[in-house]
Amino acid sequence: MKRTAALTAALAIAATALPVPFAGASMSEATFNHRANDICSAAGTKIENLPATDQNNVAKQVPRIAAIVTSMAAKLSKIEAPAPRKAKFKRFITLTRQSTTLIGQGVAAARAHHVNHSADLLYKGIKASQKSVTVATDIDLTECARDRFPGLTGNTEPSAGN
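Keep in mind that what you see is a predicted model, and the values were worked out from it rather than measured.

## Quick word on the packing of aromatic side chains
Two measures describe an aromatic ring pair: the distance that separates the ring centres and the angle between the ring planes.
Right, on to step 1. With the rule as written, the count across this model stands at one aromatic pair.
Right, on to step 2. Centre to centre, the rings of Phe32 and Phe89 are 4.9 Å apart; their planes meet at 85 degrees, and the pair counts as edge-to-face. In this pair, Phe32 is assigned in helix 3 (residues 29–48) and Phe89 in helix 5 (residues 86–111), connecting sequence segments 57 residues apart.
Right, on to step 3. Of the residues examined, Phe32 reaches a relative accessible area of 0% and is grouped as buried.

## Let's talk about the environment of Lys124
Right, on to step 1. Secondary-structure assignment places Lys124 in helix 6 (residues 115–138).
Right, on to step 2. Put simply, Lys124 and Ser99 are 25 residues apart on the chain and 7.4 Å apart in space, counted from C-alpha to C-alpha.

## Observations concerning the packing of helix 5 against helix 6
Right, on to step 1. Two elements in contact, helix 5 and helix 6, have axes whose closest approach is 7 Å; the angle formed by their N-to-C orientations is 160 degrees. For the element pair helix 5 / helix 6, the angle class is roughly antiparallel. When the axes of helix 5 and helix 6 are compared, the crossing they make is left-handed.

Analysis parameters
- Residues numbered from 1 in each chain as written.
- Predicted model: local features only at pLDDT ≥ 70, side-chain atom pairs only at ≥ 80, totals over all residues.
- Heavy atoms only, no water.
- Phe/Tyr/Trp six-rings, centres within 6.5 Å; stacked < 30°, edge-to-face > 60°.
- Helix = DSSP H or I, 4+ residues; strand = E, 2+ residues; numbered from the N terminus.
- Buried < 20%, exposed > 50% of the residue type's maximum accessible area, 1.4 Å probe, protein only.
- Axes fitted to C-alpha atoms, helices over the stretch in contact; angles between N-to-C directions.
- Parallel < 35°, antiparallel > 145°, perpendicular 65-115°, else oblique.
- Left-handed = near helix turned anticlockwise from the far one by under 90°.

If you want it as structure tokens, here you go:
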């Protein structure tokens, strides 16, 4: 019994010395914003460093951008959002993944000369992307509220909004 009490006390003391994520508490809003915005900023920089997307290279650029955005979403999904932002943050990640998938499928359909299907998929993908920007703005993730597919949405660079 004394050993159990001593072990419990030792574990409790060790838990208080651990960094916040390991101790079971959620991260602060400021830390959450900083981490999420850093991930989105890094992805934005990678996209900006790609050649501009135009009608001549869209088939090559979309898979490159999709890979960057998919990696960004995977990294973001590992962040624990503060309780008041958790649902919207998950929604942002879901919309980001959905838009990336739909835009990729739209380009594939265009390559297969399925014009109407391609247009439908691209429209849905761009709408999902616009919704993700709105959600990111709502939870104050300014670096995440960017056009991730410049050239497809009418923008020539990945700037805020669609």
